[in-house]
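Structure at a glance
In case you want the letters, here they are:
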Amino acid sequence: MSDTIEPRLTDKRTIDRYLRIGLVDEKTWERHLKGLADATEKAAPIEATMSTSIDDEDEDNDVEA
């Protein structure tokens, strides 16, 4: 296997599948992760609030038969 990983294979949502089927080597993946730059200082804090809960929304959408 190559020592580098194609960028299209590094998606966090699909890497487990690629590792399982052998498209990406586990050791190569670990080296890739260790080689990533620390972007902590670039992060921005966010605030979020929810106006309604999912349960409240479901009750509003109930249809009586």
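What you see is a predicted model, and the numbers here were worked out from it, not measured in a lab.

Some remarks on the overall build of the chain
For the chain, the count of helices and strands is three helices and zero strands. The burial tally for the chain puts 12% of its 65 residues in the buried class. In the structure as shown, the chain presents an accessible area of about 6400 Å², 50% of it carried by carbon and sulfur atoms.

Side note on the pattern of salt bridges
Charged atoms that come close allow side chains of opposite charge to pair. Scanning all chains against the criterion turns up two salt bridges. Glu6 is the salt-bridge partner of Arg8, the closest N and O atoms lying 3.0 Å from each other. Judged by relative accessible area, which is 57%, Arg8 ranks as exposed. Note that Asp11 and Arg13 form a salt bridge whose closest N and O atoms lie 2.6 Å from each other. Assessed through its relative accessible area of 74%, Arg13 is described here as exposed.

Some words on the nonpolar core
The biggest cluster of nonpolar side chains holds six residues, and these are Ile5, Leu9, Ile15, Tyr18, Val24 and Trp29. Excluding residues that lie within four positions of it along the chain, Ile15 makes contacts with Leu9, Val24 and Trp29.

Let's talk about the confidence of the model for the chain
Per-residue confidence for the chain averages 84 on the pLDDT scale, and 77% of its residues sit at or above 70. Averaged pLDDT values over the elements of the chain bottom out at 59 in helix 3 (residues 54–60) and peak at 95 in helix 1 (residues 15–21).

A short note on the environment of Leu19
Its location among the elements puts Leu19 in helix 1. Not counting residues within four places of it along the chain, the set of residues in contact with Leu19 comprises Val24, Asp25, Glu26 and Trp29.

Calculation criteria
Along each chain, residues carry numbers from 1 onward, in the same order as the chain's sequence is written. Given that this is a predicted model, residues contribute local features only at a pLDDT of at least 70 and side-chain atom pairs are listed and counted only at 80 or more, while totals for whole chains, interfaces and linings are drawn from all residues. Side-chain measures here rest on the full set of heavy atoms in the structure, leaving out hydrogens and waters. Labels follow the DSSP assignment, with helices taken as runs of H or I lasting at least four residues and strands as runs of E lasting at least two, numbered in each case from the N terminus. Only protein chains enter the accessibility calculation, which uses a 1.4 Å probe. A residue is then buried if its area is under 20% of the maximum for its type, exposed if over 50%, and partly exposed in between. For the area figures, the Shrake-Rupley method with a 1.4 Å probe applies, and any residue is considered shielded solely by the protein chains shown. Each reported salt bridge corresponds to a side-chain nitrogen of Lys or Arg within 4 Å of a carboxyl oxygen of Asp or Glu. Joining through side-chain atoms within 4.5 Å is the link that ties buried Ala, Val, Leu, Ile, Met, Phe, Trp, Tyr and Cys residues into a set, and such a set is a nonpolar core. We call two residues in contact when some of their heavy atoms are within 4.5 Å. The predictor attaches a confidence to each residue, and that confidence, scored 0 to 100, is pLDDT.

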